Amino acid sequence: MDLQGKHIVLGLTGGVACYKAADLARELIKAGATVQAVMTASAQQFVTPLLLQSLTGRPVATTQWDTTQPNAMAHINLSREADAILVAPATADFIARLAQGRCDELLSLLCVARPAERCSLLLAPAMNREMWAHPATQRNAQQVRDDGAVLLGPASGSQACGEIGDGRMLEPEDIRDALIAHFQPKVLQGRRVLITAGPTFEAIDPVRGITNRSSGKMGFAIARAAAEAGAQVILVAGPVHLPTPAGVQRIDVESAQQMHDAVLPLAAQHELFIATAAVADWRPVAQADAKIKKVAGQGTPTFELTENPDVLAAVAALPSAPFCVGFAAETHDIERHAREKLHRKKLQLVVANHGPSTFGRDENQLLLVDAQGTHELPAADKLSLARTLVGEVARRLPTA
Ligand code: CTP
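Within every chain, residues take consecutive numbers counted from 1 along the sequence as written. Local features in this predicted model are restricted to residues whose pLDDT is 70 or higher, and side-chain atom pairs enter the listing and the counts only when it is 80 or higher, whereas totals over whole chains, interfaces and linings include all residues. Hydrogens and water molecules were not included; the side-chain quantities draw on all heavy atoms of the structure.

Colleague: Talk me through a nonpolar patch on the surface; I want residue IDs and the actual numbers.
Modeller: Residues V16, Y19 and F46 make up a contiguous nonpolar surface patch of about 330 Å² in total accessible area. Runs of E in the DSSP output that reach at least two residues are strands. Runs of H or I that reach at least four are helices, and both are numbered from the N terminus. Note on placement: Y19 falls in helix α1 (residues 18-30). Residues enter a patch when their relative accessible area is above 30% and they make no salt bridge; the linking distance is 9 Å between like charges and 5 Å between nonpolar side chains (Val, Leu, Ile, Met, Phe, Trp, Tyr). Reported accessibility uses the Shrake-Rupley method at a 1.4 Å probe radius. Residues are deemed covered only where the shown protein chains occlude them. By convention in these notes, a salt bridge is any Lys or Arg side-chain nitrogen within 4 Å of a carboxyl oxygen on Asp or Glu.

Below you can see the structure in the form of structure tokens.
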């Protein structure tokens with residue numbers, strides 16, 4: 001319920017993607033928002049107000065000449081109630097009219113009339129790729145950005161007209177997540193954050209290896225929360241099946257050595273390093289080039305192991321090391337082990353949890369251990385915890 005208590009004006013302008021706006025309305029409501037749809041005359045060529053009314057439970061506003069409003073000022077009433085105005089789809093024509101400050105129909109009128117300091121305007125452009133690429137559209141898009149609107153997308157891909165390129169509307173879930181992100185406090189605005197996540201995989205032969213049960217969910221949630229908080233995030237991920245959070249740059253690696261080699265050259269340019277990865281401590285000394293075959297009577301193979309580099313300790317030991325946050329998955333004496341890790345690896349903060357009860361789950365419970373003391377974050381879903389943790393880290397981070 002990340003949009004609980006938020007009132008959203010959802011504006012529809014005339015594009016094929018109007019059919020997706022119906023889904024978007026549902027996604028926003030499922031996330032806890034109340035939704036007031038506003039449709040232009042062109043949008044009503046694609047879907048009916050009846051559809052949006054049925055989904056939102058509110059009559060759709062379609063005209064500024066609405067005499068049912070006691071003060072006859074629909075544009076003022078709608079924009080004063082809203083926490084944000086989200087126009088999806090936003091056509092090339094609508095963006096052009098916004099860029100000019102036109103007020104000749106209800107939706108553009110209420111965008112201009114909104115109190116900008118407390119009611120954001122977000123636009124999800126949707127149009128043919130040539131229309132998006134046209135210099136006039138690009139000029140108008142830049143103008144509305146300069147005037148304070150936030151553009152979500154557009155995405156790239158196949159278009160209703162059969163062409164392929166930039167201009168597709170983002171998917172409803174992505175627009176919902178962008179709106180959720182928009183409402184998060186910007187406690188890491190502009191800060192550079194490097195994160196490791198997931199397990200590593202240490203190959204024995206081309207088909208076998210040593211790995212662990214880390215799902216990467218906590219690290220990915222922290223990457224998302226840091227990006228929502230305004231940070232520039234690079235996520236170095238071991239082998240996991242998770243989508244990359246919006247706005248996060250992802251580097252995929254497999255082994256601990258690869259993770260080390262990806263992280264170390266980047267670390268000094270970052271202000272904050274959060275090591276959530278469950279890096280394998282050891283790898284086989286030798287990796288077979290071909291699959292090791294089971295041969296009757298030859299017994300079982302044995303593997304000699306060697307230690308992997310410690311990515312976190314190596315970053316913390318850099319002359320201009322970022323603020324380093326380590327994770328500790330423990331089974332017992334959680335705080336004692338976490339504090340020992342804090343000192344041994346020279347970290348600013350250790351985030352400890354009970355390993356076996358968190359791997360692969362959506363819920364977690366954390367203990368923050370630093371030089372100042374110990375602080376517990378009670379059990380919650382991993383994304384809520386990640387947002388709280390980002391807030392805690394931001395408070396401790398030296399000012400830029
Ligand atoms: N870490 C790392 N590189 C390694 C090993 C660990 O970056 N080769 C990081 C992890 O991402 C995590 C922290 O160090 O942030 C965990 O430290 P570690 O000493 O490995 O703790 P545990 O795996 O909990 O192991 P142990 O019980 O042996 O202390």
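Having seen it, we continue.
Colleague: Requested: an account of the sheet that holds strand β2 (residues 34-39), with residues and values cited.
Modeller: We treat two strands as partners when DSSP finds at least two bridges between them. Pairing within the open sheet is parallel, and its five strands lie in the order β2-β1-β3-β4-β5. Strands at the two margins of the open sheet, each flanked by one partner only, are β2 and β5 (150-151). Taken together, the six bridges between strand β1 (residues 7-12) and β2 define a ladder with parallel strand orientation. When the sheet's bridge partners are listed, I8 is paired in β2 with V35. Set on the sheet, helix α4 (residues 92-99) makes contact with β3 (84-90) and β4 (120-125); between it and β4 the angle comes to about 145°. In this description, contact between two residues means that some pair of their heavy atoms is separated by no more than 4.5 Å. Axis geometry follows a simple rule: fit a line to the C-alpha atoms, using only the stretch in contact for helices, then measure angles between N-to-C directions, giving values from 0 to 180 degrees.

Colleague: Describe the nonpolar core, with residues and values.
Modeller: Ranked by internal contacts, the top residues of the largest apolar core, which has 37 residues, are L188 and V233. Where this core is concerned, the elements lending two or more residues are β8 (192-197), α9 (217-228), β11 (232-237), β13 (272-275), β16 (323-330), β17 (349-354), β18 (363-370) and α13 (382-396). Sort the elements by how many residues they give to this core and α9 lands first, with eight residues. Each nonpolar core is a collection of buried residues, namely Ala, Val, Leu, Ile, Met, Phe, Trp, Tyr and Cys, held together in the definition by side-chain atoms within 4.5 Å. Accessibility here uses a 1.4 Å probe with only protein chains present; expressed as a share of the type maximum, an area under 20% marks a residue as buried, one over 50% as exposed, and anything in between as partly exposed. If you look at the next biggest cluster of nonpolar residues, it comprises 31 residues, including A21, A43, L52 and A126.

Colleague: Describe the pattern of salt bridges, listing the residues and the values that go with them.
Modeller: According to the stated counting rule, one finds 26 salt bridges in the structure shown. In this structure, E228 engages R224 in a salt bridge whose closest nitrogen and oxygen atoms are separated by 3.0 Å. Remark: R224 and E228 occur in helix α9; sequence separation between them is four residues, near one turn of the helix. Overall, E228 belongs to the buried group, its relative accessible area being 4%. Given the relative accessible area of 22%, R224 is considered partly exposed.

Colleague: So, the packing of aromatic side chains: which residues are in play, and what are the values?
Modeller: Note on aromatic contacts: the rings of Phe and Tyr and the six-membered ring of Trp form a pair at centre separations within 6.5 Å, being stacked when their planes are under 30 degrees apart, edge-to-face when over 60 apart, and tilted otherwise. Taken as a whole and assessed by the stated rule, the structure comprises zero aromatic pairs. Comment: the charge-over-ring label is applied if NZ (Lys) or CZ (Arg) is within 6 Å of the ring centre and within 35 degrees of the ring normal. For K6, the ring lying beneath its charged end belongs to F183, and the centroid distance is 4.5 Å.

Colleague: Help me get a handle on the domain arrangement of the chain, residues and values and all.
Modeller: Those domain boundaries reflect an automatic or database domain assignment. The domain boundaries assigned to the chain delineate domain 1 (7-183) and domain 2 (192-396). When each unit is reduced to the centre of its C-alpha atoms, the spacing between domain 1 and domain 2 is 40 Å.

Colleague: Quick one: what's the story with the site of the ligand, residue by residue and with numbers?
Modeller: A molecule or strand has a residue near it when one of that residue's heavy atoms lies within 4 Å. Lining the immediate environment of the ligand, one finds 14 residues, of which A275, A277, L312, F327 and K341 sit closest. V311 is positioned such that a nitrogen or oxygen atom in its backbone is 3.0 Å from a nitrogen atom of the ligand. One of the side-chain N or O atoms of K341 is found 2.6 Å from an oxygen atom in the ligand. Its free accessible area being 580 Å², the ligand has 76% of it covered by the protein chains. Among the secondary structure elements, those contributing two or more residues to the shell around the ligand are α11 (311-316), β16 and α12 (334-344). If one sorts the elements of the shell around the ligand by residue count, β16 sits on top with three residues. Of the residues belonging to the shell around the ligand, the class tally is eight nonpolar, one polar and five charged. Contacts described as polar in this section are N or O atom pairs within 3.5 Å, which, within protein, must combine one atom able to donate a hydrogen with one able to accept it, while residues neighboring in sequence count only if both atoms come from side chains. Lys, Arg, Asp and Glu make up the charged group, whereas Ala, Val, Leu, Ile, Met, Phe, Trp, Tyr, Cys and Pro make up the nonpolar group; the residues left over, Gly among them, are polar.

Colleague: Account for the packing of α4 against helix α7 (residues 135-146), with residues named and values stated.
Modeller: Interaxial distance between α4 and α7 falls to 8 Å at its minimum, and their mutual angle equals 50°. Taken together, the axes of α4 and α7 lie oblique to each other. The hand of the α4/α7 crossing is left-handed. For the pair α4 and α7, the contacting residues are A92, I95, A96, L98 and A99 in the first and T137, N140, A141, Q143 and V144 in the second. Comment on the angle field: the value is read as roughly parallel under 35 degrees, roughly antiparallel over 145, roughly perpendicular from 65 to 115, and oblique elsewhere. For any helix crossing, the convention is left-handed if the near helix is rotated counterclockwise from the far helix by under a right angle, and right-handed if that rotation is clockwise.

Colleague: I'd like a rundown of the environment of I95, residues and numbers included.
Modeller: Secondary-structure assignment places I95 in helix α4. By relative accessible area, which is 0% here, I95 ends up buried. Sequence separation between I95 and V369 is 274 residues; the distance between their C-alpha atoms is 49 Å. Those residues within four positions of I95 in sequence are excluded, and the remaining contacts are A90, L123, P125, M127, N140, A141 and V144.

Colleague: Go over the side chain of T276 with me, naming the residues and quoting the values.
Modeller: Mapped onto the secondary structure, T276 falls in the loop between β13 and β14 (282-284). In this structure T276 comes out as buried when scored by relative accessible area, which is 13%. Separated by 2.4 Å, the side chain of T276 and the backbone oxygen of T196 make a polar contact. If we ignore the near neighbours within four places in the chain, the residues touching T276 are T196, A197, G219, I222 and F327.

Colleague: Explain unusual backbone geometry residue by residue, including any values.
Modeller: For the peptide bond that leads from A88 to P89, omega is 0°, which places it in the cis range. Residue G153 is joined to P154 through a cis peptide bond whose omega torsion reads 5°. Relative to the assigned elements, P154 resides in the loop between β5 and β6 (155-158). Non-glycine residue A72 carries a positive phi angle of around 55°. Among the structural elements, A72 can be located in the loop between α2 (49-56) and α3 (74-81).

Colleague: Lay out the packing of α1 against α2 in plain terms, naming residues and giving numbers.
Modeller: Interaxial distance between α1 and α2 falls to 9 Å at its minimum, and their mutual angle equals 15°. Of the possible angle classes, the one that applies to α1 and α2 is roughly parallel. In the crossing of α1 with α2, the sense of the turn from one axis to the other is right-handed. For the pair α1 and α2, the contacting residues are A22, A25, R26 and I29 in the first and L51, L52, L55 and T56 in the second. Looking at side-chain class alone, the contact of α1 with α2 contains six nonpolar, one polar and one charged residues.

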